[in-house]
Amino acid sequence: MSAGRRGAARRHPAVLAWALAHQNATTGILLGLMAVLTGISVAVGAWLTRDGEMLSDSATALLVTTPFVLPIAIAAFMGGLAVHPRGWIPALGLSAGLWLGMIGQATERDALFQTGVALCGAGVVGFWVAGWIARVPMWLGLGRWKWVQVQRTEDDPLAPRDQA
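### Things to note about the overall build of the chain
Then, in step 1: Check the secondary structure of the chain and you find six helices and two strands.
Then, in step 2: Secondary structure elements of the chain, listed N to C terminal, follow the sequence α-α-α-α-α-α-β-β.
Then, in step 3: In the chain, which comprises 164 residues, the proportion classed as buried is 21%.

Set out below in structure tokens:
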């Protein structure tokens, strides 16, 4: 495979490339976005209930959870792309699972909550698979247990890193 093709496989849009290069600024922007969205959510909730009427459980859960899930979704999306060109797929599953799980818990709908937990789990597994394919060093361990490195080597029979 030519050097030009390998470089083309890892190119990102200019905004995403800037965000990956300036992670502290990106984190500040995401935290600011979360604060602004939380404020908007509270304002919209107060405006909609100004006559003393309560919003439905689903609308309230949507207003409360979206400001927290959206920045996490953006961060997961960017982090997934930093690992693998298709890293947005587990990020989408993780974010959707977090959002559905929070809404399901707030509205006491077990099906939404269980679907959210399943999607979150699939997203975590998807990130591990993306890291495995991209040969990202990973470790497993808990507490006093010895940390075990889990990483593909160049000898593994899966596709080389530069192939998407």
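### Some remarks on the confidence of the model for the chain
Note: predicted coordinates in regions of low pLDDT should not be interpreted at a detailed level.
Then, in step 1: Residue-level pLDDT values for the chain average 76, and 76% of them are 70 or greater.
Then, in step 2: Mean pLDDT values over the elements of the chain span from 48, in helix H1 (residues 3-9), up to 91, in helix H6 (residues 110-133).
Then, in step 3: Low pLDDT, under 50, characterises residues 1-8; the predicted model gives this stretch four contacts beyond four residues in sequence or across chains.

### Looking at the side chain of Ser95
Then, in step 1: Positionally, Ser95 belongs in helix H5 (residues 88-107).
Then, in step 2: Within polar-contact distance, the side chain of Ser95 engages the backbone oxygen of Ala91 at 2.9 Å.

### A word on unusual backbone geometry
Then, in step 1: Here Glu108, not a glycine, exhibits a phi torsion of approximately 60 degrees, which is positive.
Then, in step 2: Along the polypeptide, Glu108 turns up in the loop between H5 and H6.
Then, in step 3: Residue Glu108 is classed as exposed on the basis of its relative accessible area, which comes to 70%.
Then, in step 4: Despite not being glycine, Arg135 has its phi angle at roughly 60 degrees, a positive value.
Then, in step 5: Inspection of the secondary structure puts Arg135 in the loop between H6 and strand S1 (138-140).

### A closer look at the environment of Asp57
Then, in step 1: Note on placement: Asp57 falls in helix H4 (residues 57-83).
Then, in step 2: Spatially, the C-alpha atoms of Asp57 and Ile103 are 8.9 Å apart, while their sequence positions differ by 46 residues.

### Focus: H4
Then, in step 1: Here H4 contains 27 residues, and its C-alpha end-to-end distance of 37 Å stays within 8% of the 39 Å for a straight helix at 1.5 Å per residue.
Then, in step 2: The sharpest bend along H4 comes to roughly 40 degrees, located at Thr66, with the proline Pro67 sitting one to four residues further on.
Then, in step 3: For H4, every residue scored as buried is listed here: Ala61, Thr65, Pro67, Val69, Pro71, Ala76, Met78, Gly80 and Leu81.
Then, in step 4: The inward-facing, buried residues of H4 abut helix H2 (14-21), helix H3 (23-48), H5 and H6.

### Comments concerning the packing of H4 against H5
Then, in step 1: Here H4 crosses H5 at 160 degrees, and the two axes come no closer than 8 Å. One way to sum up the angle between H4 and H5 is to call them roughly antiparallel. The way H4 lies across H5 gives a crossing that is right-handed.

### Considerations on a nonpolar patch on the surface
Then, in step 1: A cluster of nonpolar residues, Val36, Ile40, Val44, Trp47 and Leu48, forms a patch on the protein surface that exposes about 450 Å² of accessible area.
Then, in step 2: Here Val36 is to be found in helix H3.
Then, in step 3: According to the relative accessible area criterion, Val36 is partly exposed, its value standing at 49%.

Rules used in this analysis
- Residues numbered from 1 in each chain as written.
- Predicted model: local features only at pLDDT ≥ 70, side-chain atom pairs only at ≥ 80, totals over all residues.
- Heavy atoms only, no water.
- Helix = DSSP H or I, 4+ residues; strand = E, 2+ residues; numbered from the N terminus.
- Buried < 20%, exposed > 50% of the residue type's maximum accessible area, 1.4 Å probe, protein only.
- pLDDT = per-residue confidence, 0-100.
- Contact = heavy atoms within 4.5 Å.
- Polar contact = N/O pair within 3.5 Å; in protein donor to acceptor, adjacent residues only side chain to side chain.
- Expected span 1.5 Å × (residues − 1).
- Bend = angle between axes of the 7 residues up to and from the residue.
- Axes fitted to C-alpha atoms, helices over the stretch in contact; angles between N-to-C directions.
- Parallel < 35°, antiparallel > 145°, perpendicular 65-115°, else oblique.
- Left-handed = near helix turned anticlockwise from the far one by under 90°.
- Patch = residues over 30% accessible without salt bridge, like charges linked within 9 Å, V, L, I, M, F, W, Y side chains within 5 Å.
- Areas by Shrake-Rupley, 256 points an atom, 1.4 Å probe, with all protein chains shown as cover.
- Salt bridge = Lys/Arg side-chain N within 4 Å of Asp/Glu carboxyl O.

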